[in-house]
Amino acid sequence: MNAAWEVVIGLEIHNQLATESKIFSGASTAYGAEPNTQACLVDLGYPGVLPVLNEEVVRRAVKFGLAVNANVSPRSIFARKNYFYPDLPKGYQISQFELPIVEGGELTIKDADGNDKRIGITRAHLEEDAGKSIHEGHDRSTRIDLNRAGTPLLEIVSEPDLRSAKEAVDYLRKIHTIVRYLEISDGNMQEGSFRCDANVSVRPRGQEELGTRTELKNLNSFRFIEKAINFEIERQIELIEDGGTVVQETRLYDSDKDETRAMRSKEEANDYRYFPDPDLLPVEISADYIEAVRATLPELPAAKQQRFVDDYKLKSDDANILTSSRAVADYFEAAMDASDASPQVVANWIIGELSGALNKDGLDIDASRVSAEDLARLVNRIADNTISGKIAKEVFEAMWAGEGSADDVIESRGLRQITDSSAIEAAVDKVIADNPDQVAEYKGGKDKLMGYFVGKVMQETQGKANPGQVNKMLKDKLGS
Amino acid sequence: MMDLHSQTLTQLKDGLGRGDFSSLELTQALLDRIAAHGEELNAFITVMRDAALENAKQADAARAGGNAGVLNGLPIVHKDIFCTRDVLTTCGSRMLENFVSPYDATIVERMAAAGAVVLGKTNMDEFAMGSSNETSYFGPVKNPWDHERSPGGSSGGSAASVAARLSPAATATDTGGSIRQPAALTNTVGFKPTYGRVSRYGMIAFASSLDQAGVITRSAADAALLLGVMAGFDERDSTSIDHPVPDYVAGLDGSLKGLRVGIVRQHFDDGLDDATGKAVREALAVLEAQGASLTEVDLPNLDYCVPTYYVVAPAECSSNLSRFDGVRFGHRAEDPQDLLDLYCRSRGEGFGAEVKRRIMTGTYVLSAGYYDAYYLKAQKVRQLVSDDFSRAFENVDVIAGPTTPTPAFKLGDKTDDPITMYLNDIYTIGANLAGLPAMSTPCGMVDGLPVGLHLVGPHWAEESLLRTSHQFQQQTDWHAQCPEAYQ
């Protein structure tokens, strides 16, 4: 990154709230139905129909507000944002403008130096989603699918506090984690449940005044967001350094070409003619209601991470990984309940073997083929010296393949560690007898050969000898 | 037996109850009358002959089975602004010339559930924007008292059909006077309830914060009967209010002794036709004779009502009418070249001049840079108007005055000058801005044309308004007068 320039980024996240029904109608919000089968007369904007606010949507917005330490407005107003587009049935979108339901929140991310950095959340407001226009594959015509029309959205707007693409992604991941912790959204980026627009500008380092910003749209994965912002930063810097000026405009990110390109300039921007929607009453939220919602809040990611560090003495990074989703954290804690092993060992198994296996099979942890309790029992067998860590990996693979519990696999495959010293001694003696040259070298001072002998003994015992005992016995016999 | 068409809704209800005639006979008689007179008045956009006869049979069967609802077998007509399932619902516009609604408005549903038989859908100003019925795509309605004159608007078809005894009662809507002004000009009773008293669900929106459904009838008693069925909370309309619905019919009885009637001096100023003013003063004297006291009250912001209304109503309508874009329903231009062409021609062809005028006015007042000066300012004035009424109602129970400045004007007289047309609603608009219940009741004749007495009450004063009107009707017979050709 260019040291002469400072990057300023603000993000607008459009987060679908995963309610059963739409924000202003009773139609289902389920994803993937046949086009236009989940749009009722209200969603279609038929003459005479009226919107009725889904209370669950309000509850979820309040939850979010409390989770980011924001003010929940005692009174917020729905307004109409007027513009014509075929996938906007009423010719206006019901949104919140002057009085949003949530204002003034914050969360903490790590900056480039690894220090805590506070990112302000300007506001979060409720609105309805539009339908989808499908331009591809239909000659000159456009097809409209209104299933999505009226799906509840929480638009979360950050302050321009972010200073790099990496910070932006860190912030996004944190918000993404929070909405899933709160169970207010499924956060599914492929299905468009969690979308993001980025306002990006650059200014000479030290300058107070903000540079002209562009708005990047169509950012639907963390990877693309980072790439798009970085592309845009470079583009703006190059443009200015070549004597040009940045034009305020909306730019679309093309992930195939890894570039952004102009979509529409500010001059072409709509005048949305916002005004309070006369069909809806102001949303009034009492202090009692807020407290009742607060009582339902789960432990939030930041608090959970800190607890994992404090109580389980986990490494901070590992605690961060384990708390990245509620399901993973719950898995860890369920495993700890059934485990005699050290928390860090359990954590290592989840972050290592288990995550690898889940990724390979494309499974969420909820669908893991090895339960938390079974994983705990496996780790217990290492702790009680029934098997070695190395054998444990084989056992895990067998468990993953459905061969039963750790104990079942250890028994059926005969993997129990040999702790009988006479059996180990026989193998040690055999290895010493079979390798006279190496023994001589060892005795001549080549200490590194100890590993060679241990390996040979393990080979003799099909890996089942207790490595500690083998080591000790070899040293005794070879007289070091 | 009196001719069926000449009876009021209340009389017909009694007759059906006694078994003097069946709903089928009654419905047939009225359908015959509509066939004979509907076209000359242009009062109907749709006559629902077959459905009405079928529903009348069902009503008779229900009564025979002991399941007669409050409105069992009683014929009514709906203003064509109310969505009626499987029936054309045009809102008086080319835009919806072929729109068959897939659902019933709440009030349509409630009246059907009470056993009412719907004869047809009445003509109206396009999207309820107009005070003369001349903006209807289907042509103006004629005033039964004089075919050269307007019946008023926007509920002109409803008013004319009741005045001409084609239907004993009609539903209607009132955004700035659209129930009361046509009622006054046709010698009928027009009742607009408190905002939120009656559900707006299924009523095609003009200006959502002002629109309210009501009725046009021959008597206050008939209005009370219908209002009892229409009123009440509807979970499908967030602006409908969960407030108990009293027995309006039972509330009609009682003396006017002690009733405090407020008179607004400005209502009798220059703009009022002399003869109309005289008729209204005589009506006030009748109320006084019945024990009411008259007090002068002040509404200092009265002059700002019309300009305020013509900012707020167009602003809301410009947004409400955006859904008519040719994409999903309604008029769609032939062979659109592109999206903009589809929008421009569908809307350009589908909407008439007055609707376009208001959409443009509304778009302008909501635009960036003008919003504060117009829309926001209008909302503040609206609050002041509302406050004026609240103060006035600390001292009086009802405010009385003329419904319109003049009796019915000639068709074509005001069409070139929208401002003169807008001023026809000068006395009625305040009640919409403040969300108050208001009604017009027949109170005199000027050169053979009817005059209406306008009554406005505080929020939820429906009972007191209906009682005042009903008691007035016990002492006068203006409301019983019918144009000779329609007796």
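All residue numbers here refer to positions counted from 1 along the written sequence of the relevant chain. Here the convention is simple: chains get letters from A, ligands get numbers from 1, in the order in which they are written. In keeping with the predicted nature of the model, local features appear solely for residues at pLDDT of at least 70, side-chain atom pairs appear and are counted solely at 80 or more, and the whole-chain, interface and lining totals rest on all residues.

Runs of E in the DSSP output that reach at least two residues are strands. Runs of H or I that reach at least four are helices, and both are numbered from the N terminus. Along its length, chain B carries 15 helices and 11 strands. Values of the radius of gyration come from C-alpha atoms, whereas the globule rule sets the reference at 2.2 Å times the count of residues to the power 0.38. By the compact-globule yardstick of 23 Å for 487 residues, chain B fits well, its C-alpha radius of gyration being 21 Å. Every C-beta atom is placed from the backbone, and the number of other C-beta atoms within 10 Å of a residue's own sets its class: buried at 20 or more, exposed at 12 or fewer, partly exposed in between. Here chain B holds 487 residues, and 61% of them are scored as buried. In this description, any two residues whose backbone-derived C-beta atoms lie within 7 Å of each other are considered to be in contact. Within chain B, counting contacts between residues at least 6 apart in sequence, those at least 24 apart form 76% of the total.

Let us now look at the overall build of chain A. Along chain A, the regular secondary structure elements total 15 helices and 16 strands. Radius of gyration (C-alpha) of chain A: 30 Å, far over the 23 Å computed for a compact globule of 480 residues. Over its C-alpha atoms, taken along the principal directions, chain A stretches across nearly 95 × 55 × 50 Å. Contacts spanning at least 24 positions in sequence make up 68% of the contacts within chain A whose residues lie at least 6 apart.

Moving on: the pairing of strand 6 (residues 212–217) of chain B. Residues and elements named next belong to chain B. With respect to burial, strand 6 is a largely interior element, six of its six residues being buried. Covered by surrounding structure in strand 6 are Gln 212, Gly 214 and Ile 216 together with Ala 213, Val 215 and Thr 217, the residues of both alternating faces. One ladder, built from six bridges, connects strand 4 (residues 169–174) with strand 6; its direction is antiparallel. For Ala 172, the partnering residue across the bridge sits in strand 6 and is Gly 214. A pair of strands counts as paired when DSSP detects no fewer than two bridges linking them. Sheet topology places strand 5 (residues 189–192) next to strand 6; three bridges connect them, and they run antiparallel.

With that out of the way, let us pick up the environment of B:Pro442. Residue and element names in this part refer to chain B. Secondary-structure assignment places Pro 442 in strand 10 (residues 438–446). A residue is classified by how many C-beta atoms lie within 10 Å of it, and Pro 442, with 31 of them, is buried. As a C-alpha pair, Pro 442 and His 454 span 12 residues in sequence and 9.0 Å in three-dimensional space. Pro 442 has contacts with Asn 187, Pro 450, Gly 452, Trp 478 and His 479, leaving out every residue within four places of it along the chain.

All names here are of chain A. Each assigned domain of chain A is listed here: domain 1 (5–292), domain 2 (301–412) and domain 3 (421–478). The domain boundaries here were taken from an automatic or database domain assignment. For domain 1 versus domain 2, the distance between C-alpha centres works out to 37 Å. Taken together, the contact pairs five residues of domain 1 with five residues of domain 2.

Turning to unusual backbone geometry, a few remarks are in order. At the junction of B:Gly153 and B:Ser154, the peptide bond is cis and its omega measures out at 10° in the coordinates. Its place among the elements puts B:Ser154 in the loop between strand 3 (117–122) and helix 5 (156–163). Positioned with a positive phi, A:Asn69 is a non-glycine residue whose angle comes to about 60°. Position of A:Asn69 among the secondary structure elements: in the loop between helix 1 (55–67) and strand 2 (71–72).

The next subject is the sheet that holds strand 4 (residues 78–82) of chain A. Residue and element names in this part refer to chain A. Spatially, the three strands line up as an open sheet ordered 5-4-15, and their pairing is antiparallel. Two strands close off the open sheet at either side, each with one partner strand: strand 5 (92–96) and strand 15 (275–276). Summarising the sheet, strand 4 and strand 5 pair through five bridges and their orientation is antiparallel. Residue pairing for strand 5: Arg 80 is matched across the bridge by Ile 94.

In this analysis, the expected span of each helix is defined as 1.5 Å times one less than the number of residues it contains. A rise of 1.5 Å per residue sets the reference length of helix 12 (residues 421–434) of chain A, with its 14 residues, at 20 Å; its end C-alpha atoms lie 20 Å apart and thus fit the reference within 8%. Contact partners of the buried residues in helix 12 of chain A: helix 14 (449–460) and helix 15 (467–478) of chain A.

Okay, the environment of A:Gly104 next. Residues and elements named next belong to chain A. Within the fold, Gly 104 resides in strand 6 (residues 102–110). Judged by local crowding, Gly 104 falls into the partly exposed class, with 16 C-beta atoms found within 10 Å. C-alpha separation for the pair Gly 104 and Val 68, spaced 36 residues apart in sequence, amounts to 8.8 Å. The contact partners of Gly 104, leaving out residues within four places of it in the chain, are Ala 70 and Asn 71.

pLDDT expresses how confident the predictor is about each individual residue, on a scale running from 0 to 100. Here chain B averages 96 in pLDDT, and 100% of its residues register 70 or above. Prediction confidence for the complex, expressed as pTM and ipTM, is 0.90 and 0.96 respectively.

Next up on the list: the packing of helix 1 of chain A against helix 4 (residues 287–294) of chain A. Residue and element names in this part refer to chain A. Angular values range over 0 to 180 degrees, each being the angle between N-to-C directions of two axes fitted as lines to C-alpha atoms, with helices fitted over their stretch in contact. At a minimum axis separation of 10 Å, helix 1 and helix 4 run at an interaxial angle of 75°. The angle between helix 1 and helix 4 falls in the class roughly perpendicular. On the side of helix 1, the interface is formed by Arg 59, Val 62, Lys 63 and Leu 66, while helix 4 contributes Ile 290, Val 293 and Arg 294. Residue type decides the class: Asp, Glu, Lys and Arg count as charged, Ala, Val, Leu, Ile, Met, Phe, Trp, Tyr, Cys and Pro as nonpolar, and the leftover types, Gly among them, as polar. A per-class count over the contact of helix 1 with helix 4 returns four nonpolar, no polar and three charged. Angles are sorted into four bins: roughly parallel if under 35 degrees, roughly antiparallel if over 145, roughly perpendicular if 65 to 115, and oblique for all others.

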